[in-house]
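Notes for the structure review
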Amino acid sequence: MLSNVLPMTARNSGPSNPDNAILIAGVSKTFDTRGGAVKALDNVSLNLRGGEFVSVVGPSGCGKSTLLTILAGLKKASTGKVTIGATPVNGPFKNSGIVFQKDVLMEWRTALDNILLQVELRGLRKKDYVDRALDLLAKVNLQDFANKYPRELSGGMRQRVSICRALIHDPPILLMDEPFGALDALTRDEISADLTRICEETGKTVVFITHSIAEAVHLSDRVIVMSARPGKIIDDIRIDLPRPRQIQVRDTPEFGLYAQRIRAKLMAPQAP
C-alpha cells in the first residue's frame, strides 16, 4: 500500500510560526441560487502550521476557490469559523496577499506602479516601498521591465508582477487561486521556481489552489485532496521531498508515488 512507502512527516518542515497558522474549523458554505440551495463546502476542518506551503486539489466545482475566498474574508462561511494566528476572520483579512488566475493588472500603469497600487490602497507611503518593489521584480527576473506597461509583457511576466503586488506589503499569508492555470508548461515551471525560492526565503504560509497534481506535489509541504461538490477533505498528504526542490524531482520514484496516491483518491468513487 502507498501509505507504507510514503512517509508522513516532511523533512523540510521547520519551526512553526503560530502567528501565521491557519485554523479552519467545521466550515461549510451554501449558496442560494435560482434553482435552490447549492452546498459548495461540507464541514471542512484543517490546521495549517505557520510557514507551510499547502496545496488544495480537487475536481472542478468542488469548492476550492470558495474555501480560499473564505480564508481571505471575502466570503462568509455558512457554518464554522476561520482563525489566522489569534485573529478570527470575520471580514476581509488585510494581512494577506492574494493572487488570482487572471493577473488583473491596470493597463495604464507600469509594472512598478501596478505593484505599488497595493501600497496606495492600504494608505501607506508609496516612496517607502519603491526599493522593495524593485527588489521583488529582481527576484522574479523582471528588473529590466519595471517601467513597461502590461501590454508590453508576456502572460508569464504579467503574472510575476501580480505575485510581486501580492507580496509588496510583506504579508505573512499568501493565498493563490490557480495562478498559473492560463500559462504554458515551461512558464509555469519557471514561475514555480521563483515562487518556491521566495517562499523558502520568507517563511510565508501559502494556500495554493491548483488542478495540477504534479504542481501540487512539487511545490508543497502538504497536499489537501477534496471530493466533488459538496467539497470535503478526503486526504491530507505530507510531501517528504528535500528542499530546495528542483524540477528534476518530478522524475523520481518518490514523486511518482505521491502523484499516484493523489490521482487514485480523486478517481475513487466517493460515498454519498
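Presented here is an overview of the structure given in this document. (Residues numbered from 1 in each chain as written. Predicted model: local features only at pLDDT ≥ 70, side-chain atom pairs only at ≥ 80, totals over all residues. Heavy atoms only, no water.)

Quick notes on the pattern of salt bridges
For the structure on display, the rule yields 22 salt bridges. For D103, the salt bridge goes to R158, with nearest N and O atoms at 2.9 Å. Taken together, the positions of D103 in the loop between strand 6 (96-99) and helix 2 (111-121) and R158 in helix 4 (residues 155-167) put the pair 55 residues apart, joining distant regions of the chain. Residues D103 and R158 agree in their burial class; the two are buried. We note a salt bridge from E120 to K126, for which the minimum N-O separation is 3.8 Å. A relative accessible area of 34% means that E120 is categorised as partly exposed. A relative accessible area of 34% means that K126 is categorised as partly exposed. (Salt bridge = Lys/Arg side-chain N within 4 Å of Asp/Glu carboxyl O. Helix = DSSP H or I, 4+ residues; strand = E, 2+ residues; numbered from the N terminus. Buried < 20%, exposed > 50% of the residue type's maximum accessible area, 1.4 Å probe, protein only.)

Focus: the side chain of D235
Here D235 shows up in strand 10 (residues 233-238). Side-chain polar atoms of D235 contact the side chain of R261, separated by 3.0 Å. (Polar contact = N/O pair within 3.5 Å; in protein donor to acceptor, adjacent residues only side chain to side chain.)

Observations regarding a nonpolar patch on the surface
A contiguous nonpolar patch, built from L74, F100 and V104 and spanning about 280 Å² of accessible area, is present on the exposed surface. Relative to the assigned elements, F100 resides in the loop between strand 6 and helix 2. Its relative accessible area of 36% is what places F100 among the partly exposed residues. (Patch = residues over 30% accessible without salt bridge, like charges linked within 9 Å, V, L, I, M, F, W, Y side chains within 5 Å. Areas by Shrake-Rupley, 256 points an atom, 1.4 Å probe, with all protein chains shown as cover.)

What to know about the packing of aromatic side chains
The geometry of two aromatic rings is summed up by the distance between their centres and the angle between their planes. A full pass over the atoms with the stated rule returns two aromatic pairs. On the basis of an interplanar angle of 45 degrees and a centroid distance of 5.7 Å, the ring pair of F53 and F208 is categorised as tilted. A residue pair is termed long-range when its members are at least 10 positions apart, and F53 in strand 3 (residues 53-57) and F208 in strand 8 (residues 205-209) qualify at 155 residues. Of the two residues, F53 and F208, both sit in the buried class. Aromatic side chains F180 and F208 sit 5.6 Å apart centroid to centroid with 55 degrees between the ring planes, which places their arrangement in the tilted category. (Phe/Tyr/Trp six-rings, centres within 6.5 Å; stacked < 30°, edge-to-face > 60°.)

Notes on the sheet that holds strand 4 (residues 79-84)
With respect to topology, four strands assemble into an open sheet ordered 2-1-4-5, the strand pairing being antiparallel. A strand with exactly one partner marks an edge of an open sheet, and here the two such strands are strand 2 (36-48) and strand 5 (87-88). With five bridges connecting them, strand 1 (residues 22-33) and strand 4 associate as antiparallel partners. Each residue of the ladder has a partner; that of L23, found in strand 4, is T83. Running at roughly 115 degrees to strand 1, helix 1 (residues 64-71) makes contact with strand 1, strand 2 and strand 4 of the sheet. (Pairing = 2+ DSSP bridges. Contact = heavy atoms within 4.5 Å. Axes fitted to C-alpha atoms, helices over the stretch in contact; angles between N-to-C directions.)

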